[in-house]
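What the coordinates show
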Amino acid sequence: MTRWRKDFLKGIIVSNPVFVLVLGLCPTLAISTSIDNALGMTMGVTIVLLGSNIIISAIRKIIPNSVRIPVFIVIIASFVTIVSLTFQAYFPDIYESLGIFLPLIVVNCIVLGRAEVFASKNSVFYSIADALGVAIGFMLALLIISFIRQLLGTGALTIFGNELFSLPGLVEHPLSIFIQAPGAFLVIALLMALFKHTGVIE
Amino acid sequence: MKNSKAKQALPILVLTVVVLIAVSVLSFTHDITKAAIAEQKDNKVKNMLKEMFPSIENYKYEDNLYTISSQDDIIGYAFLASGQGYGGEIEILVGLEDENTVKSIIIISQTETPGIGARITEKSFTSQFVNLPIDDIALSRDGGKIDALTGATISSNATVNAVRETSIEKVRLIKEVP
């Protein structure tokens, strides 16, 4: 159980997928414009990551080394399609708000990275720990980034249509660069520098 | 020799089997979700048409045109319009009261910049189209009655152009069929 805990905890801070491994930056840059998007993306990535980690670790011994990457991609893409069809059919509201981000999970390096680095070398039991830890680490990173971008870029914090609070002055003149692509680079770079400087990450 | 050939074939075999399994799982998922997805899409259209025409009783869909009726009287038309915005395609449902007047519009999907172009979905923008004569669908700087969103001229322009051009095209179609 201690190893399970270790595999679970490492993905959250020590090898945080966004700030330490610097994986999956493309979707991170694209969707961290609001807390809603961050939560939706986290949900999609968690389901796909958990599913692909379980299947890949279960069949890891019969996958020949030379075709492992295509096999991983097929499994990941299948999971994304299943999630996307299921959401579309039974949770149309969530599907709507996720929009383009669901299919984007296929090209999320975090999922493929965990398959290659962890699930293909470890048992199902530990691969579940790994998937959950990495998913939480991804969620934390997305929430921090999108919190800053949404607040500075729109002057208010809105979650699922409810405005939590707004900063007077910023609402009338939001720093809209933060909601655009350059703002994403700025925020991620500054956060990474801050975390490294304070020793949160190495 | 035989052994090494078998060895070479193994990766191909495994990949083929994995793809076959994936394809069957996907087609199975597609089969069981197909009906629900079609229903969701249908419901979505119905709800939007009801929002536009509260007294709707029936509608007919032909040539990409919804003809809305209530007690055998045609009370309006609706159709989809799309235009190229700043961040991608903007899809709009346009409702016409008659051949000359817009009833209202609903932005169905857009990928404009949040906080700037994405404000085309807000009521303050879309309400400008309510009961607007088709001839007046243009930005005010072009002599129309629509005020562009500050800082989002491209998004505003794309919406206005899509609504005007598609409306003119559909009105021609409506007038052709008595």
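Residues numbered from 1 in each chain as written. Chains lettered and ligands numbered in written order. Predicted model: local features only at pLDDT ≥ 70, side-chain atom pairs only at ≥ 80, totals over all residues. Heavy atoms only, no water.

Looking at the nonpolar core
Convention followed: Residues belong to one nonpolar core when they are buried, are Ala, Val, Leu, Ile, Met, Phe, Trp, Tyr or Cys, and are joined through side-chain atoms within 4.5 Å. For every residue, the accessible area obtained with a 1.4 Å probe (protein chains only) is divided by the maximum for its type, and the residue is called buried under 20%, exposed over 50%, and partly exposed between those limits. Helix numbers and strand numbers start at the N terminus; a helix is a DSSP run of H or I with at least 4 residues, a strand a run of E with at least 2. Should any heavy atoms of two residues lie within 4.5 Å, those residues are considered in contact.
One finds Phe19(A), Met41(A), Val48(A), Ile105(A), Phe138(A) and Ile145(A) to be the most contacted residues of the largest nonpolar core, which totals 34 residues. Sorting the residues of this core by element identifies α2 (25–31), α3 (35–58), α4 (68–90), α6 (101–104), α7 (109–119), α8 (124–154) and α9 (181–198) of chain A as the ones contributing at least two each. At seven residues, α8(A) tops the list of elements feeding residues into this core. In contact with Val48(A), other than residues within four places in its own chain, are Ile76(A), Phe79(A), Val80(A), Val83(A), Ile105(A) and Val111(A). Among the nonpolar cores identified, the runner-up in size contains 28 residues, and Ala81(B), Ile92(B), Val102(B) and Ile105(B) belong to it.

Section: the side chain of Asn122(A)
Residues and elements named next belong to chain A. For the record, the criterion: As used in this structure description, the phrase polar contact means that two N or O atoms lie within 3.5 Å; if the pair is within protein, one of them must be able to donate a hydrogen and the other to accept it, and residues adjacent in sequence are counted only when both atoms belong to side chains.
Its place among the elements puts Asn122 in the loop between α7 and α8. A residue is classified by how much of its surface remains accessible, and Asn122, at 15% relative accessible area, is buried. At 3.0 Å, the side chain of Asn122 and the backbone oxygen of Phe118 are in polar contact. If sequence neighbours within four positions are ignored, Asn122 has contacts with Arg3, Ser57, Arg60 and Ser127.

Regarding the interface of chain A and chain B
Where we set the bar: Once two parts are joined, some of their accessible surface, as seen by a 1.4 Å probe, is lost; buried area is that loss totalled over both. Every case where a carboxyl oxygen of Asp or Glu lies within 4 Å of a side-chain nitrogen of Lys or Arg is listed as a salt bridge. Note on residue classes: Ala, Val, Leu, Ile, Met, Phe, Trp, Tyr, Cys and Pro are nonpolar, Asp, Glu, Lys and Arg are charged, and everything else, Gly too, is polar.
With 23 residues of chain A at the contact, the number on the chain B side is 21 residues. When chain A packs against chain B, the two sides together hide about 1,700 Å² of surface, and 78% of this comes from carbon and sulfur. There are zero salt bridges connecting chain A and chain B. Across the contact surface, chain A and chain B share one residue pair in polar contact (both at pLDDT 80 or more). Elements with a contribution of two residues or more to the side of chain A that touches chain B: α4 and α5 (92–98) of chain A. The element that contributes the greatest number of residues to the side of chain A that touches chain B is α4(A), accounting for 12 residues. When the residues that make up the side of chain A that touches chain B are grouped by side-chain class, the tally is 14 nonpolar, eight polar and one charged.

Section: α4(A)
Note the threshold: Here the expected span of a helix is defined as 1.5 Å times the quantity of residues minus one.
Counted at 1.5 Å a residue, the expected span for α4(A) with its 23 residues is 33 Å, and the 33 Å between its end C-alpha atoms agrees. Those residues of α4(A) lying buried are Val71(A), Phe72(A), Ile75(A), Ile76(A), Ser78(A), Val80(A), Val83(A), Ser84(A), Leu85(A), Phe87(A), Gln88(A) and Ala89(A).

Examining α8(A)
Between the first and last C-alpha of α8(A) there are 43 Å, a value that for 31 residues agrees with the 45 Å anticipated at 1.5 Å per step. Just beyond α8(A), the residue with positive phi is Gly155(A), at close to 80 degrees.

Looking at the side chain of Thr33(A)
Positionally, Thr33(A) belongs in the loop between α2 and α3. Given the relative accessible area of 10%, Thr33(A) is considered buried. A distance of 3.3 Å separates the side chain of Thr33(A) from the side chain of Asn37(A), its partner in a polar contact. Excluding its chain neighbours within four sequence positions, the residues that come into contact with Thr33(A) are Ser146(A), Arg149(A), Gln150(A), Ile179(A) and Pro114(B).

Observations regarding the packing of aromatic side chains
We count it as follows: Pairing of aromatic rings covers Phe, Tyr and the six-membered ring of Trp, with a centre-to-centre limit of 6.5 Å; geometry is then stacked below 30 degrees between planes, edge-to-face above 60, and tilted otherwise.
Tallying each qualifying case throughout the model produces eight aromatic pairs over all chains. Taking 5.6 Å as the distance between ring centres and 65 degrees as the angle between the ring planes, the aromatic pair formed by Tyr59(B) and Tyr66(B) counts as edge-to-face. The exposure class of Tyr66(B) is buried, given its relative accessible area of 9%. Here the aromatic residues Trp4(A), Phe8(A), Phe125(A) and Tyr126(A) are joined through ring pairs into a cluster of three or more.

Some points on the pairing of strand β2 (residues 162–166) of chain A
All names here are of chain A. The condition that has to hold: DSSP bridges decide pairing: two strands pair if at least two such bridges lie between them.
Here four bridges tie strand β1 (residues 156–159) to β2, and the two strands are oriented antiparallel to one another. Pairing of Leu157 across the sheet is with Phe165, part of β2. Between β1 and the antiparallel strand that follows it, β2, lie two residues; Phe160 among them carries a positive phi value of about 50 degrees.

Quick notes on the environment of Thr81(A)
Residue and element names in this part refer to chain A. For Thr81, the location among the structural elements is in helix α4. A relative accessible area of 31% places Thr81 in the partly exposed class. In this structure, the C-alpha to C-alpha distance between Thr81 and Leu140, residues 59 residues apart in sequence, is 25 Å.

A few points about the sheet that holds strand β3 (residues 73–84) of chain B
Residues and elements named next belong to chain B. Defined as follows: Axes here refer to lines fitted to C-alpha atoms; in helices the fit is confined to the stretch in contact. Angles between the N-to-C directions go from 0 to 180 degrees.
In space, the five strands of this open sheet follow the order β1-β2-β3-β4-β5, with antiparallel pairing throughout. Looking along the sheet, the strands with just one partner apiece sit at the ends: β1 (58–62) and β5 (102–109). On average, adjacent strands in this sheet sit at an angle of 20 degrees to one another, irrespective of strand direction. Strand direction decides the pairing type here: strand β2 (residues 65–70) and β3, joined by five bridges, are antiparallel. Residue pairing for β3: Ile68 is matched across the bridge by Gly76. Helix α3 (residues 153–176) contacts β2, β3, β4 (89–96) and β5 of the sheet and is inclined by roughly 45 degrees relative to β4.

Comments concerning a nonpolar patch on the surface
Using the following cut-off: Patches were defined on residues exceeding 30% relative accessible area and lacking a salt bridge, with like-charge contacts within 9 Å and nonpolar side-chain contacts (Val, Leu, Ile, Met, Phe, Trp, Tyr) within 5 Å. Here, Shrake-Rupley sampling with a 1.4 Å probe gives the accessible areas, and only protein chains in the shown set may cover a residue.
Taken together, Met43(A), Ile47(A), Tyr90(A), Phe91(A) and Ile94(A) make up a surface patch of nonpolar side chains, about 430 Å² in accessible area. Taking relative accessible area as the criterion, Phe91(A) reaches 42% and is therefore assigned partly exposed.

These figures capture arrangement, not role.
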